[in-house]
Structure formats: structure tokens, C-alpha cells
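Descriptive analysis of the structure
Residue-level listing of the chains:
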Amino acid sequence: MDNPHGKVTTIEKVREFFVDGMTLMFGGFGGVGSPPTIIDCILKKGVRDLTLIGNDTGFPHIGIGKLVSNERAKKVIASHIGSNPVAGRLMTEGKLEVEFSPQGILAERIRAGGVGIPAILSDIGMDNELVAKNKPSFLLNGKNYLVETALTANVSIVFAKKADTYGNVIYDKSARNTNPLVAMAGDLTIVEAEEIVPAGNLDPDEIVTPGVFVDYVVRSEGVSWKWAWELN
Amino acid sequence: MDNPHGKVTTIEKVREFFVDGMTLMFGGFGGVGSPPTIIDCILKKGVRDLTLIGNDTGFPHIGIGKLVSNERAKKVIASHIGSNPVAGRLMTEGKLEVEFSPQGILAERIRAGGVGIPAILSDIGMDNELVAKNKPSFLLNGKNYLVETALTANVSIVFAKKADTYGNVIYDKSARNTNPLVAMAGDLTIVEAEEIVPAGNLDPDEIVTPGVFVDYVVRSEGVSWKWAWELN
Amino acid sequence: MGLGIELRNRIAKRASEEIKNGMVVNLGIGIPSLVPNFLSANLNVMFHAENGILGMGPSPEKGEEDENLCNAGGFPITLISAGSYCDSCTSFGMIRRGRVDLTILGSLQVSEKGDLANWIVPGKKIPGMGGAMELAQKAKKVIVVMNHCDKNGEPKIVSDCTLPLTSSGCVHMIITEMGVFEIKESRLWLMELFHPFEINDIFAKTGCEVQIDSTLRKLYD
Amino acid sequence: MGLGIELRNRIAKRASEEIKNGMVVNLGIGIPSLVPNFLSANLNVMFHAENGILGMGPSPEKGEEDENLCNAGGFPITLISAGSYCDSCTSFGMIRRGRVDLTILGSLQVSEKGDLANWIVPGKKIPGMGGAMELAQKAKKVIVVMNHCDKNGEPKIVSDCTLPLTSSGCVHMIITEMGVFEIKESRLWLMELFHPFEINDIFAKTGCEVQIDSTLRKLYD
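Residues numbered from 1 in each chain as written. Chains lettered and ligands numbered in written order. Predicted model: local features only at pLDDT ≥ 70, side-chain atom pairs only at ≥ 80, totals over all residues. Heavy atoms only, no water.

**What about the sheet that holds strand 3 (residues 53-57) of chain D?**
All names here are of chain D. Quick reminder of the rule: The pairing criterion is simple: DSSP has to find at least two bridges between the two strands. We count a stretch as a helix when DSSP gives it H or I for four or more residues in a row; a strand needs E for two or more, and each element gets its number in order from the N terminus. With axes taken as lines fitted to C-alpha atoms, and helix axes fitted only over the stretch in contact, angles between N-to-C directions fall between 0 and 180 degrees. Any two residues whose heavy atoms approach within 4.5 Å at even a single point are treated as in contact.
Read from one edge to the other, the open sheet built from 10 strands follows the order 4-3-2-1-5-8-10-11-12-13, with strand pairing classed as mixed. A single partner strand is all that each edge strand has here, and the edge strands are strand 4 (78-85) and strand 13 (211-219). Across this sheet, the average inter-strand angle for adjacent strands is 25 degrees, counted without regard to direction. Both strand 8 (residues 141-145) and strand 10 (residues 173-175) contribute to a ladder of 3 bridges, which runs parallel. Bridging from a neighbouring strand, Val144 pairs with Ile174 of strand 10. Each of strand 5 (102-105), strand 8, strand 10, strand 11 (179-184) and strand 12 (187-194) is contacted by helix 1 (residues 5-16), which is oriented at about 150 degrees to strand 10, the strand it contacts most.

Next comes the structure, spelled out in C-alpha cells:
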């Protein structure tokens, strides 16, 4: 296939972008829509001290959970870690710092980073210490709001149904979730696609993430874990 | 066609929602993607003292420009009125109040209203008096930002390529522009669709505006104006 | 020590009656997930999931699961006609914009003022709030379905929550195995009493003042 | 008194040389719209429009226009392979996120500090800023293409703009019919001189100090 924009590459080539201490943002919700091949690549490379930003910490053996359970993260910014007991244990043991953000506000903070907005105002969790602590507030029209700052990352990793050679992306069903937001928020964005098609093969009205936000596209080797619902 | 959600209706039925003094938000960019049938309905009903919110004021005889040129608006919130000299004249004569917002920030303010966020921070036009005047600012990490407040409206009017009977919507090419944002920001949202299809006829991955944001769907009678490029 | 399936079903069935035609509804896990079993088939209801689904249908048959079509808990579901997918921002935009009509969720405690405490058990690990705060604060109506008492027999409906709040003053209705309560002007009103309980049982098992509504119904189904 | 088409084309052709393979470029109206005519066909360039188009192609043949496919000025265009449509938020997200590599736009005045004044003519109606502020502030590189002097023969490159600013300190390069200038550390550097002008012409027609770059090229094409 022609590769006119040089974006289509191999998992070996993107391996260099994953380094100790980096901030890594990932698409996915409970592991659904997280890029398995890239996660395995990071795991195998032995990268440590990651700051992970994403909806949740997956399950211990699913999605980004694989990095968390293997103690590769020093910090997580997420809305939920309940489905990954290892994350809870590491937090309790002081081995993992966790910053919780309400789910929709977390998504908006990622989107804000992705579209170059420094912060949004929010009244979600206003009176909750865990949400509000250390956050500035702002009085607007007589009501107080939290200032929720934008999130970006050194690298964003995204899971797509199809990508074309320019990096235009469409997603599959509920595997879309945070992926289009994460795709915009990376200083460098790498898409793992189930299928890579020539430029022009995607309907321009149907494209969810324009390729301008995408730096590299790699082919997915498919999910490398058993889903929780497959275990019974 | 079945109308299980009662959303598909006629232009005569939605006529009642357009009243003097209301705030009306409209999709479209230079008239492209503005709903002609609804605009004509409002014009014919003789509604006055509108506050219009949208990207621009179209051309004198195109899009929302028809309402502006006929002096139906007392105020416009837009990024540009240059293509409608009548708007400029009315502004100069003191008959039309115009609030200018930078184009992308205006879009974000409409989106913020649509997703229930009270405001965003912005550094666009920070040092420009026309943009910054009367706006609060907020110091974040040593940098000063404008607080740009959300916009909503009593009614939003939207132009779609296709809508299904639940109000799920897809748009056509660059006629998408502000429409998906405007669709979310109306307290009541009316979609004018070139085609109305039964529920289930749109690919759920392809839907741009979920029907949950849409209250009524009416059929378009097509563009009732000559485009600027047709006049030569 | 949870409720038996019969009492859980009673609660779910009663909650299902609050779902009206055309509503957009978000269901929590546990008892709320039983609610769809009792819905009339001729109702047009759109079930919303935080992970970007509007129009969730029932679980697929075994072997028919799609790993890319799961609910917010990560379990396979289906999509009904007119359903759609969206990103997480749009999904929560629906909630904050007031387009989600009803959320039905479980809770650890609820106060007579409608305060909801359903996300942290002291001494246990903190799981994170997920989407609970947005739903509690912004859904147009919030119904809590839960056991009337905790596993130690202590009231879960109280004057003031002792557990960390998810959101204050957000609950409109509580349904337990004993009855149906509404919160009106920061007071708890008993609306329906379920067999075999009597009003005195309610007084005994509730940790705040209970007002008896003039329209109180005693249901002995 | 605008420039003749030959000089306009010279400016556009020189501007086109700043467009490199793989770039995302937003073009203003006027001279900038001539730039694509001079681009090498083997460059992969994506032209961006504020109204939600990435990958604009040339104007369609007469009779082939699509009323739903227009540029930000409202005129019909086409879409190239790998192009896409998006809403206005995403379109400006590309700009603010720094994914638009270059914008080429006209101006009324530019200062030696790179201040841009291209949106209000005093005494005329205020048209609104449109997307100019975002582009000026956030495109990775801003090139101004314009007449060297205004219709009264007054310099448009000045020490301090007297017209209302669109954005301060944002311009990287200026191309006029007389030459190419770069703004480096708040000073104006002459990089290229176009036939038949001499350095003294530049000094005479420019409203601020002009530094002569050591790499100055004189182009007599």
C-alpha cells in the first residue's frame, strides 16, 4: 500500500517513543477500546514510572491494567480503579499515586487538552473534598465553580477500527469511548488499527478523528487478553 | 412512516415555538448548513426582537441573513457579519446590537452550553479590547485567561442531511459546521432534514448528533435562495 | 447479607413503573440492572451508558458477544433500533445538559435531605467515583433502590449521611423492600408501604423522621 | 490601487515555496488564495478551512458545484483524497492544538515586532474577527502576504501598528512585491530583494528599521 504521508509504520518503529517517566494517555473504557498491541509493546520494553491518563485502570490482565498490575506506573489520573484490585492495593501501599476525576469531567479535561483549551469550569463534585481539593475555584454569576485544567500527554495511544494512510480514523461501537478525545490530546498520537486502508477509502463524512491529529498508525495484532465475561 | 417517538412533525406545528423576544441559535456558516424552511417560517410568522446566536449573519438574502436584513433581530452573537452589509448598517444605526466572539471560541461556547459546562478559559483575543471587554479573567499557572461563558438558546434550529424518527442526525460535507454544536445547545432543538428515514436506517457508528438532543424533526423544502456564487 | 431475589425483583418492578414512554434512562449496577425485565414492551425507552451508548438492548446470546459492544461495566450488550454510539464527552454531555430523564442507582446511605452516599466504604479501597457524581447531580430524576437496612441491621435512610457524599440533595425517590419514599423539601415522605410491613416497622428501621403522605398506599400484592 | 496580477502572482509563488511536504495549511482570502496554483503536484499538503474541512481541493467546474461543499468564504470547492469534514469545534481544535503548520494571510499593517492588524479599518463597519485571531495566535507559522504600501503610498510595515491589532507578536514572515522579510527577536530582517527594487527602496517604503540579513538574496527572475 502507498504510504504517502509516512504515517503507517510498525510496532517496532514506534517502540522508541515509550520511555521511562513519560506521560501516556490511553483510549478505552474497562479495557474495551484500549490498544492491545501497543500496550504489550510498552510492557515488553520494560518502561517504568509512567504517568497514565485515561478513564480507568482496566482489569488486572486487561487493557492498561497490564501495565498497572506490573507496577509500571507511578501515577494514574482516572475516574475509576475499582475493576483493577491491584491498582487499589498499590495505591494503599503508597506505590501508586491516583488522582480521581469525575468521569465526564475527565473526558472534558482530555478533550480540552486536545483542542487547546487551558481549562473548563465545572460544578461536578464541587462539594466533594476528593474532587475539589487543591483545585482553584471561580465565582461566575453568583455561583462557585471548580477550574478543571486540561490534560495532555507526551504520547497518546488509540484503538481504531480502521485508519487510512493519512491517519483518518473510525471506531467500532462502544470501543469509541474516550479514543477520539485521547487522539487529540497527545503531543504525539499513535493509532493502533484493526484495519489500515488506502487514503480515500473512508467516507469523509464518516471520519471521526481527522488524520491531522494522528502521527503514526500501526496494525493491531488483536486482543491479547481474555475478557472478564469470557472467564465464566 | 412510523413515528414512535412523536418527533417527526410539520413546519406548521413547530411554528408555535418561534416567538417575539426569544433567543434563537442557528447552525450554518455563510448560509451553508442553515435551515431554509425554518428560517422562512420564522420570517413569514413576523417574529421580532430576536437574539440570534450563530457563526455569522449570512448574506443579506441567504440563511439567517434573511431575518437580519428584515430587521427581526435586536441582538446578534457571532464571529463575523462582513458578508451581510445590512447587518453592518443596522449596527452602525444602533438598530442591532452585535457581540463578536472569535470563531472557534464562539463554537466552543455553544458546545459548552450544549454539554452543560458553564464556561471555558481562553487566551484567544486576550489583549483585544473588543474580545476582552466586560469578560472576567482568571490567572492559571501564572498566565491570565479570559473566562468565556457558555451559550444556550430557547430554540436551536439545525440543518441535516438525514434524520431518523428518533432525531438521530447526519450532516452533509461542510454543511456540518456548527450544526452538531447548535443541536446540543438548544433548550428545544428542531432539525430540518433533507431526508427523514425510519429508526434503524442510520448506521449507529455514523450518527453525529444522537437523537437525545433533538426534540422535533421537520422535512426541508430545500434552499429558497440563490447562492452568491450562482449570481455571476 | 443482601436481599433475596424475590425482594430485589419487587424493588426493581416498582422502580420500573417510574419509567415513562420516551424516557432516557441510566441504570446503575445491582438491583437497577433488573429493572428492564419488568418494562412493558410497548414503551419507547432509551437506555444510556456512560461509555457512549444510547439505546442499550438486552445481553446477547452466549457466543454472540461482540467485544467492542459492552456496557459501562465491561459486559456485552446489544443495541436497539435507533441506538447510537458516541464518545465519552458527548455521553456525559447528555447527562449534564439534562437530557437523561432518570437514573436508578444503588446506595450505601441516603439522607432525608436527599444526600447520596454511594461510593466510598470507609476502611475499604477507594474505587473512584466513575460517572456517579454527574448522574446524581444532573439526571432530571434520581431514584435510589436499596435494602432498607445494611448488613448489620442499621438504617440506610438517615438524618445525615455518615459516609462520604457522592452528591448532596440529589435524590428524589427511594425504593426499598419496605416501601416507596419521596424526598420533598428536605423531608422524607412515605408514599407506599409494602406487605407485610406496617408503618411502625418503617419508623423502627429508618434513621430519620418519616412523614406519612396523605396519599399513602398500602400494597399487598 | 491593488497590485497587478503579475506582482500578486510573484508574491503567491514565493509564499508557495514555504509550503513543505506533509504540511497542514490555512489560506486567507485575496493573494493567499493564489498560492495553490504554484504548488508542486507531488507535495502532500492538506488545506484547512475554518468551516470544518481538511483537504480542500480546487474549485469545481462550473455546473459541478455542491452547495453543501463550500470554503469559509462560502464558495464551492472540492475535497481531495484523505480529506475529511468536521464540526467547527474540531476545526479550531486543530488550530489551537498546533496541528495547523502554516497560515498565509493578508494584512493591513504589520509591525516589526510581528503584531498583526488585519481586521478593522477605522471609520468602516466592523466585520468581526472571524477565525483570524485563532489562526494568528495559534498556527505554528504565520506568513503575511500584502502590498508593501497602502493605496496612499504609506508603509504597511511599521514600528507600531496604528490600526487595531488582530494579535500581537504572531507574524513570522512578510512577503511583499518588494521582498521577503522575517521577524526575529522583534526586529525586521530583509531576507530577499525582488527585482527591480534596491535596498534603498526598501528603506524608503518601510515604516520601521530594516535589518539586512547576512544571507540576503537578490532575485532577478
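**Some points on the packing of helix 5 (residues 103-114) of chain B against helix 2 (residues 88-96) of chain D**
To keep things clear, this is the line we draw: By definition in this entry, angles of less than 35 degrees are roughly parallel, angles greater than 145 are roughly antiparallel, angles of 65 to 115 are roughly perpendicular, and the rest are oblique. For any pair of crossing helices, the crossing counts as left-handed if the nearer helix is rotated counterclockwise from the farther one by less than a right angle, and right-handed if it is rotated clockwise.
Two numbers describe how helix 5 of chain B lies on helix 2 of chain D: the axes approach to 9 Å, and their chain directions differ by 130 degrees. Put simply, helix 5 of chain B runs oblique to helix 2 of chain D. Our pair here, helix 5 of chain B against helix 2 of chain D, has a crossing hand that is left-handed. Packed against helix 5 of chain B, whose contacting residues are Gln103(B), Gly104(B), Ile105(B), Ala107(B), Glu108(B) and Arg111(B), the element helix 2 of chain D presents Ser88(D), Cys89(D), Phe92(D) and Arg96(D) at the interface.

**With respect to the pattern of salt bridges**
Using the following cut-off: One side-chain nitrogen of Lys or Arg within 4 Å of one carboxyl oxygen of Asp or Glu is enough to make a salt bridge. Working definition: with a 1.4 Å probe on protein chains only, accessible area under 20% of the residue-type maximum means buried, over 50% means exposed, and in between means partly exposed.
Under the criterion given, the structure shown has 48 salt bridges over all chains. A salt bridge links Glu93(A) to Arg89(A); its shortest N-O distance comes to 3.2 Å. For Glu93(A), a relative accessible area of 40% translates into the label partly exposed. Owing to a relative accessible area of 35%, Arg89(A) belongs among the partly exposed residues under this scheme. One salt bridge in this structure joins Lys113(C) and Asp160(C), with 2.7 Å as the shortest N-O distance. Of the two residues, Lys113(C) sits in the loop between strand 6 (109-111) and strand 7 (116-117) while Asp160(C) sits in the loop between strand 9 (157-158) and strand 10 (173-175), which places them 47 residues apart along the sequence.

**A short note on the interface of chain A and chain C**
For clarity, the threshold we go by: Accessible area that two parts lose when put together, with a 1.4 Å probe and added across both, is what the buried area reports.
Contact residues are listed per partner, giving 43 residues for chain A and 36 residues for chain C. Here chain A packs against chain C, burying approximately 3,300 Å² in sum over the two surfaces, 60% of which is carbon and sulfur. Area buried by chain A at its contact with chain C is led by Lys173(A), Ser174(A) and Trp229(A), which between them contribute 21% of it. Applying the counting rule to chain A against chain C returns 3 salt bridges. Note that Lys138(C) is salt-bridged to Asp123(A), the shortest N-O span being 2.7 Å.

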